[in-house]
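A structural walkthrough
So the chains spell out like this:
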Amino acid sequence: MTISLALRRGIRVVNRSKRLWFIFYAVLTLAALIPAAALTAIAFQSLGHSAWAEQLGRSLDLEWIGELIASYDAMPIWPVVAAVAGVVAISAIAHLFLLGGAIETFARRQWFSAALFFGGCGRNFWRIFRLALYCLILIAAVYGVNAGLAAIGEKIWGKGSEATPLVHWSWFRAAVILTLLGLVNLVFDYTAIRLVAEDSRQPFRGLWRSCRLLFANFGRTAGLAAVLWAIMLLLIAVYFGISQLFAQRTLAAVFVLLLVRQAMVLARIWSRLLFYSSQCEMYDGIAPAAVVRQECAPHV
Amino acid sequence: MKRLLPAIALLAGFSAPAADAAMSDQIVRYNIRARLDPATKTIAGQETLTWRNESPDRIRELRFHLYLNAFQNQKSTFIRESGGELRSDKMSTDDWGYIEIKRMHKAEGGDLTHAIRFIHPDDDNADDQTVIAVALPDPVLPGGAITLDIDFVSKLPKVFARTGYHQDFFMVGQWFPKIGVYEKAGDRYAKQGAWNCHQFHANTEFFADYGVYDVSITTPSNYVVGATGVEQSAVEDPRNHQTTHRFYQEDVHDFAWTASPHFIRIERLFEPARAVGAADTAAAARLLGLPPEDLRLKPVRMILLIQPEHLWQAERHFRALENGLKWWGLWYGAYPYQTITVVDPPYGANGAGGMEYPTLITAGTNWWPGRHEYMLEVVIIHEFGHQYWYGMVGTNEFEESWLDEGFNTYSTDKIVDMVYGAGYLPVHVLGVPVSETLGLPRFTFGEMDRFGYLLYGKHDPVVRNGWQYYDSTQYGIDSYMRPGTLLRTLENYFGAQTMARIMRGWLERYRFHHPTSVDFEKLVNELSGRDMTWFFDQFVFGTNWLNYKVGSVQCDPIEVKLGSYVEIGKRITIDRKAADRIEKERKKKGERQSYRIVVKLVRDGESVFPVAMRMTLDNGDIVREQWDGRERWIKYEYTKASPVKSVVIDPEHKILLDGSFADNSYVAQPAPLPFVKWFANLVFWFQMVLP
């Protein structure tokens, strides 16, 4: 299995699973609407019939933020942080839930059906959830490495009189940490695929097996991941370029930008699903015996 | 560095001690010989101080500041108050700073060392050793003088609270025994003659008499040295590779210096003919009502001591300094000294950044300041501005910090916002500025002042002793941002011309004196021709909050009223049907619908301020009202041919002290754009960051 082939097949599979995109889109949007509505309500409560709102239509006003905070007599930072953290946690759990269904659909090589998808969601949730917890430990370890590298930099250059070595060290540190986080992500993805493909309930064992598999085929697995990240970054760059064209000075412009942005959100979901579909294909290629082959009929 | 010495020689005309008449009363004269030992971080000093008694009192005791003792242990008042933290900088607990007087005696004989005792005039902290009293065997008579020889050793702490060392960088401020200010009855707030010599507090800066400083500093020859005043000579002793730099300055009230082998020294001349355009001079002259010739500035030697890694930012430093020299000069008066030195502290010495001393200021940039982030500029212009508010107008920073910091914030922000415009907040990722790339909003410093005032402007009056504010944040807001907002409100109230003349008048009248807040109030009343006592009582000496708001707006079409009426001696009844008929007839005749509009304005805070109201009708008509704002609320009633479109209090946002602009207005049809826009933005941002 080549990177190119896995990618092509992955794109084909994702493109025929449009209903999957919309399930992910709906859940994500719902999760986003809740804190957005709450924050808007807090923020705009004071404006009501105020003429100042028009000014805010142009740009965020620091003085208004000051008034807003002052009107609460203290910075309402912790309740807001707690609420947002709660939404992030719930959203993450929902994502893990849906992921089981998505991988089930990709790994079984079947057309999307609600029974297959939601059956997969339910069947795979706990194993993927436990896998995510293990990966959280790995992520914590990566942050530990980050702290260690920062401490080394501080030890060598921290008491010096130049910021340059520390800035350059921070770039190196960022590269190391992003690579390590990318690897953790890779391990998570392939282990999740393995758990679903083998119908295994042993995420810890799966984790180590996936590591072995990954490093035995490191060029292809890491190469595919790099291409997938590049696609995601490209999409973001394209969006960034397009969004600069809209100044949001009229309702029409706001609406058009909203559409562009929703296209971007869908592209992001597509790209994330592409990670799994392509990696399923790759996994199939490098561990063919493990995958339960239930090819779908072409016209079902 | 040394390569610039020929250029300095060319400007030798600057170097001789000034022969002009003294600008100040020169109460003190310091001759100091100081030797820096970089290994032990100590300065061995010999000080000869002459102090003149200008009061009618017989002075039997002298008082001195020993500021460095604030850093000698955790029992000092400074450390107790600050907890060892100031301006986000933490004091090192493994290397302390202190100052020891080894010997003090009168020049004509008579040892005074035994007569030194520590006192603590501000609090009950017997462990604080930042002020000493020296009992004199013979009083200093009115008009007389005393000369003392003082041997001292100053040990610098690791850089903290403006002074100290970091590696081989030395920022040497508050480093010598410095005599306090003897205030005779009638000076400032003094009812009888007394020393004004406060302990060193976490939230205070300094206060001293004007005088002459002649200071010789010996450092290793590879060190680049910068200091208050004009360098008279640099004499190298080749035997021990030490160089003695002699600096001289008259009419200043402090002396600080810096030394580091890594500084790159760049010198330029501020040439008014090149830097100040005729149009700018003419505009300033119009503003001040003065002939343009009166605004003529003088050339100034600008010296920049910059870190090698910031060398590429040298242009920005010079441009900011030139803007300072130009605008402060045009608005308030020409900078009177020959030099101004800007020190760029190295990475790790942030505690030394953003500080003012006479003719020497410390700036502070970062590794990569964004193109439209103006912290670098605002710090330089602000610290330069202290040459006026603190330097030339020598207010007491212990007791009335707003007179230097607040005035300076007001002036600096006007310059920065005018010259540079709104800037980005410094948001950096991995050392790289990202605000512009991310399209974050830009803010003016004036907006930031009001932001700070809104958040923290409630606990203390603006004027109070620095150590008595609720906390250090309150001190900061009340000294900088709130006065900045307050003075801009005053400017909006008077108009730019009157305010400009008041500020220039403040400098002209109190140049090289020690005025107070009350003096400023009197000057404002005099130059504006209005009694502004109400303003000062409420916003400078008081804590009352100001907020006016639109309480309610009611707009109803005037309809035929139902009921029973007597018309021409006959009782008639108008019921619904009759009313509809009358309305129909009116429309047929082309009579326009009238509206009854009732507007209620409310004074929500305790403070009173005259406010303007502007009501706009749908047909474009505008109704204006002026309310003296004294009552708790006021009602305006109108009958108009068009419904109301909007009602706005203080439509030009002149009263920046108003605690809320949001409730200052009412629009009949709120614009949906901002709500839709920000809600859509938030949804998208969450969609992108949520898993």
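Thresholds applied
Residues numbered from 1 in each chain as written. Chains lettered and ligands numbered in written order. Predicted model: local features only at pLDDT ≥ 70, side-chain atom pairs only at ≥ 80, totals over all residues. Helix = DSSP H or I, 4+ residues; strand = E, 2+ residues; numbered from the N terminus. Buried ≥ 20, exposed ≤ 12 C-beta atoms within 10 Å, placed from the backbone. Contact = placed C-beta atoms within 7 Å. Nonpolar A, V, L, I, M, F, W, Y, C, P; charged D, E, K, R; others polar. Pairing = 2+ DSSP bridges. Axes fitted to C-alpha atoms, helices over the stretch in contact; angles between N-to-C directions. pLDDT = per-residue confidence, 0-100. Domains from an automatic or database assignment. Parallel < 35°, antiparallel > 145°, perpendicular 65-115°, else oblique. Left-handed = near helix turned anticlockwise from the far one by under 90°. Expected span 1.5 Å × (residues − 1). Bend = angle between axes of the 7 residues up to and from the residue. Core = buried A, V, L, I, M, F, W, Y, C linked by C-beta atoms within 7 Å.

1. Comments concerning the overall build of chain A
Within chain A, the secondary structure is distributed over 10 helices and 0 strands. The secondary structure elements of chain A, listed N-terminal to C-terminal, are α-α-α-α-α-α-α-α-α-α. Dimensions along the principal axes, computed over C-alpha positions, put chain A at roughly 65 × 60 × 35 Å. Here chain A, with 300 residues, has 32% of them falling under the buried criterion. Considering only residue pairs separated by 6 or more positions, chain A has 74% of its internal contacts joining residues 24 or more positions apart.

2. Some words on the overall build of chain B
When its secondary structure is counted, chain B shows 15 helices and 35 strands. Put simply, of all contacts in chain B between residues at least 6 apart along the chain, 71% involve residues at least 24 apart.

3. Concerning the interface of chain A and chain B
Contacts between the two partners involve 50 residues from chain A and, on the opposite side, 48 residues from chain B. Residue assignment for the side of chain A that touches chain B shows that the elements contributing at least two residues are α2 (18-44), α3 (52-58), α4 (62-71), α5 (77-107), α7 (164-197) and α10 (251-286) of chain A. The element contributing the most residues to the side of chain A that touches chain B is α2(A), with 10 residues. Classifying every residue of the side of chain A that touches chain B by side-chain character gives 28 nonpolar, 15 polar and 7 charged.

4. Let's talk about the environment of Ala284(B)
All names here are of chain B. Tracing the chain through its elements places Ala284 in helix α4 (residues 278-288). Separated by 48 residues in the primary sequence, Ala284 and Tyr332 place their C-alpha atoms 9.8 Å from one another. Residues in contact with Ala284, not counting those within four places in the same chain, are Leu295, Leu330 and Trp331.

5. Brief notes about the sheet that holds strand β24 (residues 360-362) of chain B
All names here are of chain B. If you trace the 5 strands from one edge of the open sheet to the other, you get β20-β21-β22-β24-β23, paired in mixed fashion. Taken across any chain shown, the strands that pair with only one partner, and hence form the sheet edges, are β20 (264-270) and β23 (355-357). Direction aside, neighbouring strands of the sheet carry axes that sit 15° apart on average. By the bridge criterion, 3 bridges tie strand β22 (residues 339-343) to β24 in an arrangement that is parallel. In the strand pairing of β24, Thr341 is matched with Leu360.

6. What to know about the confidence of the model for chain A
Residue and element names in this part refer to chain A. Averaged over every residue, the pLDDT of chain A is 85; the share at 70 or more is 93%. Mean pLDDT in chain A bottoms out at α3, which sits at 75, and peaks at α7, which reaches 92. Per-residue pLDDT stays below 50 along residues 290-300; that stretch engages in 17 contacts with residues further than four places along the chain or on separate chains.

7. Some details on the domain arrangement of chain B
Residues and elements named next belong to chain B. For chain B, the assigned domains read domain 1 (392-543) and domain 2 (548-558 + 593-674). Each of domain 1 and domain 2 has a C-alpha centre, and these two points are 29 Å apart. Residue-level contacts link 10 residues of domain 1 with 6 residues of domain 2. Ranked by residue count, the leading element in the side of domain 1 that touches domain 2 is helix α10 (residues 472-494), at 6 residues. Residues of the side of domain 1 that touches domain 2, tallied by class, amount to 4 nonpolar, 4 polar and 2 charged.

8. Observations regarding the packing of helix α1 (residues 3-15) of chain A against helix α9 (residues 218-243) of chain A
Residue and element names in this part refer to chain A. The geometry of α1 relative to α9 is characterised by a closest axis approach of 9 Å and an angle of 50° between their N-to-C directions. For the element pair α1 / α9, the angle class is oblique. By crossing handedness, the relation of α1 to α9 is classed as right-handed. Packed against α1, whose contacting residues are Ile3, Ala6 and Leu7, the element α9 presents Arg220, Gly223, Leu224 and Val227 at the interface. Residues of the contact of α1 with α9, tallied by class, amount to 5 nonpolar, 1 polar and 1 charged.

9. Describing α10(B)
End to end, α10(B) covers 32 Å across 23 residues, agreeing with the expected 33 Å (1.5 Å per residue, within 8%). The sharpest bend along α10(B) reaches about 40° and sits at Asp478(B).

10. Points about the pairing of strand β3 (residues 59-65) of chain B
Residues and elements named next belong to chain B. Where β3 meets strand β8 (residues 131-140), 6 bridges bridge the pair, whose relative direction is antiparallel. Along β8, the bridge assignment pairs Leu62 with Val134. Bridging between β3 and strand β12 (residues 178-179) involves 2 bridges; their strand directions are antiparallel. Residue pairing across strands places Phe64 opposite Ile179, the latter belonging to β12.

11. Section: unusual backbone geometry
Glycine aside, residues mostly have negative phi, and peptide bonds are mostly found in the trans state. Residue and element names in this part refer to chain B. Even without glycine at this site, Thr359 takes up a positive phi of about 60°. Within the secondary structure layout, Thr359 lies in the loop between β23 and β24. Among the residues examined, Thr359 registers 28 C-beta atoms within 10 Å and is labelled buried. In the Ramachandran plot, Ile568 falls in the positive-phi region, its phi being about 45° despite a non-glycine side chain. You can see Ile568 is positioned in the loop between β28 (563-567) and β29 (570-574).

12. Let's talk about the pairing of strand β31 (residues 611-617) of chain B
Residue and element names in this part refer to chain B. Going residue by residue along β31, you find Val611, Met613, Met615 and Leu617 tucked away on one face and Ala612, Arg614 and Thr616 left uncovered on the opposite face. Relative to strand β32 (residues 622-627), β31 runs antiparallel, the two sharing 6 bridges. Considered in β32, the bridge of Thr616 is made with Ile622. Taking the residues between adjacent antiparallel strands as the criterion, β31 and β32 are bridged by 4 residues, where Gly620 takes a positive phi near 95°. Note: β31 against strand β34 (residues 644-649), 5 bridges, orientation antiparallel. Along β34, the bridge assignment pairs Met613 with Ile649.

13. Comments concerning helix α6 (residues 375-385) of chain B
All names here are of chain B. Of all 11 residues making up α6, 11 are buried, and the element is well covered by its neighbours. All of the buried residues in α6 are Met375, Leu376, Glu377, Val378, Val379, Ile380, Ile381, His382, Glu383, Phe384 and Gly385. Looking at the buried positions of α6, the neighbouring elements they touch are α5 (314-332), β22, β23, β24, α7 (405-419) and α9 (445-456).

14. Let's talk about the environment of Leu258(A)
Relative to the assigned elements, Leu258(A) resides in helix α10. For Leu258(A) and Gln248(A), which are 10 residues apart along the polypeptide, the C-alpha to C-alpha distance reads 9.7 Å.

15. Looking at the sheet that holds strand β19 (residues 257-260) of chain B
Residue and element names in this part refer to chain B. Pairing is antiparallel across the open sheet formed by 4 strands, whose spatial order is β10-β11-β19-β16. Both outer strands of the open sheet, β10 (164-166) and β16 (224-227), are each paired with one neighbouring strand and no more. Put simply, the sheet's adjacent strands are angled 10° from each other on average, direction ignored. Inspection of the sheet shows strand β11 (residues 169-172) paired to β19 by 3 bridges, in the antiparallel sense. Residue Phe170 lies in a different strand from β19, and its bridge partner there is Ala259.

16. Some words on the confidence of the model for chain B
For residues with low pLDDT, the predicted coordinates do not support detailed interpretation. Scored by pLDDT, chain B has a mean of 93; 97% of the residues are at 70 or more. Scored below 50 in pLDDT, residues 1-16 of chain B shows 13 contacts in the model against residues more than four places distant or in partner chains.

17. Some words on the environment of Phe207(B)
All names here are of chain B. Turning to its location among the elements, Phe207 is positioned in the loop between β14 (194-196) and β15 (211-220). Separated by 467 residues in the primary sequence, Phe207 and Pro674 have C-alpha atoms spaced 50 Å apart. Beyond its immediate chain neighbours, meaning those up to four positions away, Phe207 contacts Val181, Asn196, Asn396, Glu397 and Phe398.

18. Re the nonpolar core
If you look at the biggest cluster of nonpolar residues, it comprises 177 residues, and the most contacted ones within it are Ile380(B) and Val647(B). Taken together, domain 1 (392-543) and domain 2 (548-558 + 593-674) of chain B each give at least three residues to this core, which thus spans both. Sequence-distant contacts of Ile380(B), that is, excluding residues within four places in its chain, are made with His317(B), Ala320(B), Leu321(B), Gly324(B), Val342(B) and Ala363(B). If you look at the next biggest cluster of nonpolar residues, it comprises 53 residues, including Leu20(A), Cys135(A), Leu186(A) and Val683(B).

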